[in-house]
Structure formats: C-alpha cells, structure tokens
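# Coordinates in review
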Amino acid sequence: MSAGPRSQPCIPLRVGILGGGQLARMTAEAARALGLETVVLDPDTDAPAGQVTRLVIGPLEPHDALARFARQIDLATLENEFVHRGALEYLAEHGVMVRPSIHTFGVILDKLHQRAHMDAAGLSPTPYAPIESPGEVPAFAARHGWPVVLKTRSQGYDGRGVAIAHDAGEVDAAWQRLGSGVRPLMAEGFVSFTSELAVMVVRDAYGNVATYPVVETVQEEYVCRVVRAPAAVQPAIADQARHVAAQAITAIEGVGVFGVELFLGTDGRVTVNEIAPRPHNSGHYTIDACVASQFENHLRAVAGLPLGSTSMTAPAAVMVNLIGTRSGTMDHLHTGARQVGDAWVHLYGKRQLRPGRKMGHVTAVGATLDEAESRAQRAAGELGL
Ligand code: ADP
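For the structure given in this document, a descriptive report is provided here. (Residues numbered from 1 in each chain as written. Predicted model: local features only at pLDDT ≥ 70, side-chain atom pairs only at ≥ 80, totals over all residues. Heavy atoms only, no water.)

In the vicinity of the ligand, 21 residues are found, and the nearest of them are G159, E188, V191, E196 and E274. In this structure, K111 approaches the ligand through a side-chain N or O atom, which is 3.0 Å from an oxygen atom. Between the ligand and E274 there is a distance of 2.7 Å, counted from an oxygen atom to a side-chain nitrogen or oxygen. Considering the ligand on its own, with 560 Å² of exposed area, one finds that the protein chains cover 94% of that surface. Elements supplying a minimum of two residues to the shell around the ligand: β7 (148–152), β9 (185–189), β10 (193–203), β14 (256–265) and β15 (270–276). Taken together, the residues that form the shell around the ligand break down as eight nonpolar, five polar and eight charged. (Near = heavy atom within 4 Å. Polar contact = N/O pair within 3.5 Å; in protein donor to acceptor, adjacent residues only side chain to side chain. Areas by Shrake-Rupley, 256 points an atom, 1.4 Å probe, with all protein chains shown as cover. Helix = DSSP H or I, 4+ residues; strand = E, 2+ residues; numbered from the N terminus. Nonpolar A, V, L, I, M, F, W, Y, C, P; charged D, E, K, R; others polar.)

Between helix α3 (residues 85–93) and helix α4 (residues 102–109), whose axes approach to 11 Å, the crossing angle comes to 175°. Classified by the angle between their axes, α3 and α4 sit roughly antiparallel to one another. Contacts between α3 and α4 involve R85, L88, E89 and A92 on the former and, on the latter, I102, F105 and G106. Looking at side-chain class alone, the contact of α3 with α4 contains four nonpolar, one polar and two charged residues. (Axes fitted to C-alpha atoms, helices over the stretch in contact; angles between N-to-C directions. Parallel < 35°, antiparallel > 145°, perpendicular 65-115°, else oblique. Contact = heavy atoms within 4.5 Å.)

With that out of the way, let us pick up the pattern of salt bridges. All told, the structure shown has 15 salt bridges when counted by the stated rule. Across the pair R54 and E37 runs a salt bridge whose closest N-O atoms are separated by 3.3 Å. Linking R54 in strand β3 (residues 54–57) with E37 in strand β2 (residues 37–42), this pair joins segments that are 17 residues apart in sequence. The class for E37 is partly exposed, based on a relative accessible area of 36%. Of the charged contacts in the structure, one is a salt bridge between K111 and E274, with a shortest N-O distance of 3.4 Å. One end of the pair, K111, is in helix α5 (residues 111–120); the other, E274, is in strand β15, with 163 residues separating them in the sequence. Residue K111 is classed as buried on the basis of its relative accessible area, which comes to 13%. One continuous salt-bridge network, built from bridges that share partners, spans R115, K151 and E188. (Salt bridge = Lys/Arg side-chain N within 4 Å of Asp/Glu carboxyl O. Buried < 20%, exposed > 50% of the residue type's maximum accessible area, 1.4 Å probe, protein only.)

Glancing now at the sheet that holds β2. Consider a sheet: its strands pair through backbone hydrogen bonds, and that pairing is either parallel or antiparallel. Spatially, the five strands line up as an open sheet ordered β3-β2-β1-β4-β5, and their pairing is parallel. Every interior strand has two partners, whereas the edge strands, β3 and β5 (97–98), have only one. Of the pairings in the sheet, the one linking β2 to β3 comprises four bridges and is parallel in character. In the strand pairing of β3, D42 is matched with I57. (Pairing = 2+ DSSP bridges.)

A separate point is unusual backbone geometry. In this structure, the amide linkage connecting W146 to the following residue, P147, adopts the cis form with an omega of -10°. Put simply, A229 and P230 share a cis peptide bond, and its omega is -5°. For P230, the location among the structural elements is in the loop between β13 (223–229) and α8 (235–251). We note that S180 has phi near 55°; this positive angle belongs to a residue other than glycine. Tracing the backbone shows S180 in the loop between α7 (171–177) and β9. Given a relative accessible area of 41%, S180 falls into the partly exposed group. Positive phi is not limited to glycine here, since E221 has a value of about 50°. Structurally, E221 can be placed in the loop between β12 (215–220) and β13.

A few words on the environment of S309. Along the chain, S309 falls in the loop between α10 (294–303) and β16 (316–323). Counting along the chain gives 99 residues from S309 to A210, while the straight-line C-alpha distance between them is 8.2 Å. Those residues in contact with S309 that lie beyond four places of it in its chain are V291, A292 and N297. For S309, the side chain forms a polar contact with the main-chain nitrogen of S311, separated by 3.1 Å.

Below, the discussion takes up empty space enclosed by the protein. The full count for this structure, using the stated rule, is one cavity of 30 Å³ or more. Considered as a void within the structure, the largest cavity measures approximately 40 Å³ in volume. In this structure, the largest cavity is lined by K111, Q114, R115, K151, M186, E188, N273 and E274. Taken together, the elements giving at least two residues each to the lining of the largest cavity come down to α5, β9 and β15. It is α5 that contributes the most residues to the lining of the largest cavity, three residues altogether. Residue composition of the lining of the largest cavity, by class: one nonpolar, two polar and five charged. (1 Å grid on protein atoms, 1.4 Å probe; cavity = no way out; pocket = protein on both sides within 12 Å on 5 of 7 lines; lining within 4 Å. Points joined across faces, edges and corners; volume = space filled by probe spheres on them.)

See below:
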C-alpha cells in the first residue's frame with residue numbers, strides 16, 4: 001500500500017495536536033474521556049498540555065521532532081494557526097490524516113483568502129483589498145470611506161494584527177504598528193457594529209453540522225474578557241448568527257470545531273469577521289454548560305465519531321478569562337480545574353504570571369446571565385490574579 005493519506009474516515013486511537021497550549025490541554029482532557037490517546041507537539045518544554053498528555057518537543061514545522069510525532073499518531077489536528085503549512089504536508093505525505101484539511105487551513109490562514117471565501121458565499125459584504133503601500137490606503141478610503149481597518153493577512157491574534165486609521169493622517173502610524181509592510185497587509189471597510197457575537201460550529205467529515213448557542217464576547221483592547229451564553233439578542237438574530245456561522249464552515253469544507261467571530265451590525269445584519277480553525281476562547285463555557293464540550297465535539301468530528309449534543313444544560317452561563325495583572329508565579333494556586341464558590345475554575349498550568357497573559361478561566365451558570373456573571377466575577381476576583 002502506498003503511504004498516501006488515508007481517505008476513509010476511521011476511528012483513530014492516537015490523535016496528534018500541533019501546539020501544546022491551553023486549547024491542546026483541554027482537548028487532551030476531553031480525549032481521555034472518549035478513550036482517545038493524544039500526543040502534543042510544541043517547542044516549549046513547559047507547554048500547558050505537556051502536564052496532562054505526552055509531549056514531543058519541537059517546532060511546528062518540518063523537523064526531526066515532526067517525524068517522531070508523525071510516527072506516534074494516526075490523525076493530526078491543531079490548536080493554533082501558527083503552524084507551518086509544510087508540517088501539515090509532511091504529515092499527510094506520511095499517512096497521517098490531517099483535520100481540518102490542508103485546503104481549509106490554507107483558506108483560513110490568509111485573511112484575504114478567508115474574506116474572499118466569505119464574500120463569495122455572501123456572508124461578509126465588507127469591502128476589502130490587499131494593500132502593498134501606505135499610499136493605497138487613501139485610495140481604498142476614497143472608494144469605501146473612512147475609517148479603514150488595516151490587518152496583517154496572517155499571524156494576528158488578540159488584535160495584534162489590527163490597526164484602524166480614521167483619516168489620512170493616521171495611516172502612517174497604523175502602517176508602522178503592523179510592521180511597515182514586512183508582512184503582507186490588507187484593508188477592510190469599518191463595520192459599524194452594536195456587539196460582537198461568536199458561534200462555535202462543529203462539522204464532521206460527512207458534512208453534518210451542529211452549532212452551539214450564540215454568545216456575546218466582551219473585548220477590552222481587542223482581548224476577550226467575558227463570554228455570555230446565550231447572547232441576549234432577539235431569537236431572529238440568534239437564528240441568523242447560527243445560520244451564517246454554519247454556512248461559513250460549510251463554505252470552507254471545515255472538519256472539526258471552528259470559532260466563528262461575527263459582528264452584529266447597527267443595521268441588524270450578522271456578518272463574519274473571522275474564523276478560527278480550532279476550539280476557541282468563546283467556547284470554553286461549553287465544558288461546564290453544554291452536553292458535549294467544544295473539545296469533545298472537535299475530537300468526535302476529526303475522529304469520525306458521531307457528534308454530541310451542543311445544547312446548554314443551564315439557562316445561562318458566563319465565562320470570565322483569568323488574565324494576569326502583574327508578574328509573579330502561580331505557586332499559590334493549584335493547577336487544574338476546581339471550584340471556587342459556585343463557579344468552575346480552570347487553570348492552564350502556566351507557572352509564570354505576567355500582565356496580559358491568559359492563565360485560566362472561570363465559568364458559572366445561573367437562571368439569568370446577570371446571576372451567572374456575578375458568580376463568575378466573584379470567583380475570578382477571589383483568585384486575585
Ligand atoms: P485578531 O485576529 O488580531 O484578533 P480580528 O480580525 O479578530 O484580529 O480583529 C480584532 C478586533 O478588531 C475585532 O474583535 C473587532 O473589535 C475589531 N475589528 C476587526 N475588523 C473590524 C472591522 N472590519 N470593522 C470594525 N472593527 C473591526
């Protein structure tokens with residue numbers, strides 16, 4: 001038999017995860033309950049997932065470590081986008097099933113391609129264009145108006161790849177903030193939105209799609225702080241959001257779990273901002289407040305198992321990120337999941353506390369969003385990070 005990729009969906013027992021951060025850690029924890037073995041590849045000996053599953057140390061690119069990783073797994077998935085495409089190609093060439101596929105990954109990796117796919121599917125009417133010099137920005141604004149949103153086409157996260165120019169006088173500063181054109185950039189029209197929503201979508205290899213409830217994400221300085229589930233929006237808006245998100249993942253033939261970030265426009269229209277090809281911060285509440293978590297369903301989808309229910313098990317749930325406010329160690333806190341008051345605390349096992357670093361999250365449920373949020377905030381406050 002040739003060593004090509006296995007074409008038939010099967011039930012692999014060994015799942016490789018590229019990247020060993022908190023998303024891989026929570027995926028590995030869900031895998032144990034499903035009876036799936038996991039192996040993680042990460043350059044950091046201290047990677048959070050390495051505390052709960054086997055860790056191969058090495059870069060997420062073609063390398064000796066990747067060859068060792070490939071020999072230990074049947075199927076590969078990823079926990080972040082900062083993966084060298086060549087690594088996925090190497091795995092596929094060595095008989096490892098890669099999910100989501102290299103095609104899907106390629107579309108998502110470049111925000112310009114992603115935007116083009118969403119545009120073609122009628123899911124994002126926001127104007128966009130590649131930008132090669134600052135001089136092209138006023139020309140874009142002449143066609144579509146100010147402000148203009150400048151973005152790096154890849155490697156952006158937590159708003160690090162975004163700069164907004166409100167007029168021609170702000171273009172140079174925005175350009176410099178994004179690295180002065182060292183990385184390819186694109187421009188987007190500014191979306192006037194009332195809130196930012198997100199929907200986790202799970203799609204299996206047979207095309208079955210399930211969506212989790214629509215959530216509202218509260219961002220500060222582009223970093224997600226709080227997630228409210230379900231979002232307090234009209235049922236028609238929630239239906240629209242779930243529909244748009246499901247269509248977005250079908251359009252890119254995604255297999256696995258995807259985080260779809262959406263804008264609720266001031267015109268009442270829901271449009272796609274961006275897609276993450278993996279479990280997502282806006283879906284962490286599903287561990288404690290849904291029948292099957294995003295991590296479980298990701299594994300189910302990529303491993304060819306039947307999808308689990310995406311329903312909530314409580315009327316409302318709120319997740320609060322535990323983000324460092326100072327430098328120090330985490331020695332005073334035990335790692336892992338535990339309960340504080342009536343909230344679930346998930347710590348990611350990162351030893352060094354730093355300002356702005358995501359150290360864990362807290363989820364609480366309640367009869368209303370207000371009740372769940374005050375429980376979650378109280379617990380987060382008690383931990384004092
Ligand atoms: P990153 O991948 O770096 O986190 P995003 O594309 O998610 O970047 O953008 C970060 C934030 O910037 C969004 O959550 C939103 O608040 C704002 N933003 C992004 N694109 C637009 C846009 N076209 N119009 C208005 N705000 C935007």
